[in-house]
Amino acid sequence: MESLAPEEIAAQFAAKYYADFQADRKSFVEYFYREHSTLTFESNTLQGVQAIGQKWTEDFLKTAKHQVTTTNAQRVPGGFVIVLVTGLIQLTESDAPMNFTQSFLISMDEKGVFCNNDLFKLVYG
């Protein structure tokens, strides 16, 4: 991660994150989150792989599809990178897409790149 520009990290991270979200939710959660990871989804804060996994596999998200519009990133001391993603999420094929923003504080360990912190918010209006 050190050799890549933050913008490159953000683009690669977002591409893998949302592709894996679509492909296999259980593997996605185990790859991108650790026991100390924290997710805030709207106003609900969850910690740990099991709690985060339960959120991402809720019925209303099972067919969700993301379309990334922008990614931005900055390095943070300690080997972290903060990533901001904006885009559209469509919960079902019959639903209109909604704007969302998602921010990640990512790092790397022996298993790969993971989310220390993840904040997801729908953008209304």
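As a starting point, this report considers the structure included with it. Just so it is clear, the model here is predicted, and its values are computed rather than measured. (Residues numbered from 1 in each chain as written. Predicted model: local features only at pLDDT ≥ 70, side-chain atom pairs only at ≥ 80, totals over all residues. Heavy atoms only, no water.)

## Structural notes on the environment of E8
- Note on placement: E8 falls in helix 1 (residues 6–23).
- Of the residues examined, E8 reaches a relative accessible area of 40% and is grouped as partly exposed.
- Through-space distance from the C-alpha of E8 to that of T71 is 9.3 Å; in sequence the pair is 63 residues apart. (Helix = DSSP H or I, 4+ residues; strand = E, 2+ residues; numbered from the N terminus. Buried < 20%, exposed > 50% of the residue type's maximum accessible area, 1.4 Å probe, protein only.)

## Considerations on the pairing of strand 1 (residues 33–41)
- Within strand 1, 7 of the 9 residues are buried, which leaves the element mostly enclosed by the surrounding structure.
- Here strand 1 pairs with strand 6 (residues 112–123) via 5 bridges, running parallel. Paired with T40 across the bridge in strand 6 is L119.
- Note: strand 1 against strand 2 (residues 44–47), 4 bridges, orientation antiparallel. When the bridges of strand 2 are listed, T40 appears paired with T45. (Pairing = 2+ DSSP bridges.)

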